[in-house]
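Structural overview
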Amino acid sequence: MSSPTDALLFDVPASRPPSEQFLDLAADYTRFNDALGLFRPTAASGPALGAHAASVARLTRAALASVQAVHDQQPYLNPAMVEATVRIKQLAHLSGGAAHHLSEAQAALTGAALADPDGTSLPDSVNLQIQLARELTALAPEAALASATGIARERQRRQPAAQTGSSRLSGASRLWPEVVSRSVTALRVS
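Let me begin by describing the structure that accompanies this report.

All right, on to the nonpolar core then. Across soluble globular proteins, you tend to see nonpolar side chains buried next to one another. Counting residues in each nonpolar core, the largest one holds 35 residues, and the members touching the most others are Tyr29, Leu49, Ile88, Leu91, Leu102 and Ile130. At the level of elements, α1 (18-38), α2 (46-73), α3 (79-115), α4 (124-137) and α5 (140-158) are the ones that each hand at least two residues to this core. Residue contacts for Ile88: discarding those within four places in its chain leaves Phe22, Leu25, Ala63, Val67, Ala144 and Ser147.

Here's what the structure looks like:
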């Protein structure tokens, strides 16, 4: 009979490099921006606005967790890494503002639904709050992508060329810059 210390009780996934976390963050911001860009509020959109607010709040937490991952892996941060982490902290702050605006829109919509049970009117503040949330996160994918690139370059510069561990981007992660840029371009065109 083996004891629990003889084998792992569960697998703990290896932590991914911060550059990959930033790429995932860029993709998540792109999906959020796409969804919010397609969203058209109605009198019954309160729960949907709440879901958007929760989504951007999750992005705020993910951004801060990514910054913490950089600090955990690199006790000394050179100027390039500081710039990348400050940019992501700014994204977290802007995302928090976007969550606030979406929550305000949800509250205005709920208040309007109580005042007008037929749901014939939509307060102007709802569209304004949604627009402000869109503007706060509009450049987030590009900023996260730039941070990922900066972190990856710095990590490659610090490590010898013979070392090819988890510091290099995985095959799928190398495709994210192209995917994000295409989505950002498509958003600008439409």
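Tracing the sequence through the fold places Leu64 in helix α2. Under the relative-accessibility criterion, Leu64 is labelled partly exposed at 45%. Each C-alpha atom of the pair Leu64 and Ile88 lies 7.4 Å from the other, and the pair is 24 residues apart in sequence.

Looking now at the side chain of Gln129. Structurally, the position occupied by Gln129 is in helix α4. A relative accessible area of 15% means that Gln129 is categorised as buried. Leaving out residues up to four positions away in the same chain, Gln129 has contacts with His101, Glu104 and Ala105.

Attention shifts here to α5. An α-helical turn contains 3.6 residues, so any two residues separated by three or four positions project in the same direction. Along its 19 residues, α5 runs 27 Å from first to last C-alpha, staying within 8% of the 27 Å computed at 1.5 Å per residue. Every buried residue of α5 is accounted for by Ala140, Pro141, Ala143, Ala144, Leu145, Ser147, Ala148, Ile151, Ala152, Glu154 and Arg155.

Another point: the pattern of salt bridges. For the structure on display, the rule yields five salt bridges. In this structure, Arg16 engages Asp24 in a salt bridge whose closest nitrogen and oxygen atoms are separated by 2.4 Å. For Arg16, a relative accessible area of 35% translates into the label partly exposed. Taking relative accessible area as the criterion, Asp24 reaches 23% and is therefore assigned partly exposed. Among the salt bridges present, the one from Arg87 reaches Glu83, with a minimum N-O distance of 2.6 Å. Placement of both Arg87 and Glu83 in helix α3 is noted, with a separation of four residues, approximately one turn of the helix. One salt-bridge network, held together by shared partners, links Asp28, Arg31 and Arg58.

As a further point, take the environment of Ala84. Tracing the chain through its elements places Ala84 in helix α3. Residue Ala84 is classed as buried on the basis of its relative accessible area, which comes to 2%. Sequence separation between Ala84 and Phe22 is 62 residues; the distance between their C-alpha atoms is 9.7 Å. Apart from residues lying up to four places away in sequence, Ala84 is in contact with Ser147 and Ile151.

With that settled, the discussion passes to the packing of α3 against α4. Following both chains from N to C, one finds α3 and α4 inclined at 165°, their axes separated by 8 Å at the closest point. The angle between α3 and α4 places the two elements in the roughly antiparallel class. Viewed along their axes, α3 and α4 form a crossing whose handedness is left-handed. Packed against α3, whose contacting residues are Leu94, Ser95, Gly97, Ala98, His101, Leu102, Glu104, Ala105, Ala108 and Leu109, the element α4 presents Ser125, Val126, Gln129, Ile130, Leu132, Ala133, Leu136 and Thr137 at the interface. Here the contact of α3 with α4 is composed, by residue class, of 11 nonpolar, six polar and one charged.

What counts as what
Residues numbered from 1 in each chain as written. Predicted model: local features only at pLDDT ≥ 70, side-chain atom pairs only at ≥ 80, totals over all residues. Heavy atoms only, no water. Core = buried A, V, L, I, M, F, W, Y, C linked by side-chain atoms within 4.5 Å. Buried < 20%, exposed > 50% of the residue type's maximum accessible area, 1.4 Å probe, protein only. Helix = DSSP H or I, 4+ residues; strand = E, 2+ residues; numbered from the N terminus. Contact = heavy atoms within 4.5 Å. Expected span 1.5 Å × (residues − 1). Salt bridge = Lys/Arg side-chain N within 4 Å of Asp/Glu carboxyl O. Axes fitted to C-alpha atoms, helices over the stretch in contact; angles between N-to-C directions. Parallel < 35°, antiparallel > 145°, perpendicular 65-115°, else oblique. Left-handed = near helix turned anticlockwise from the far one by under 90°. Nonpolar A, V, L, I, M, F, W, Y, C, P; charged D, E, K, R; others polar.

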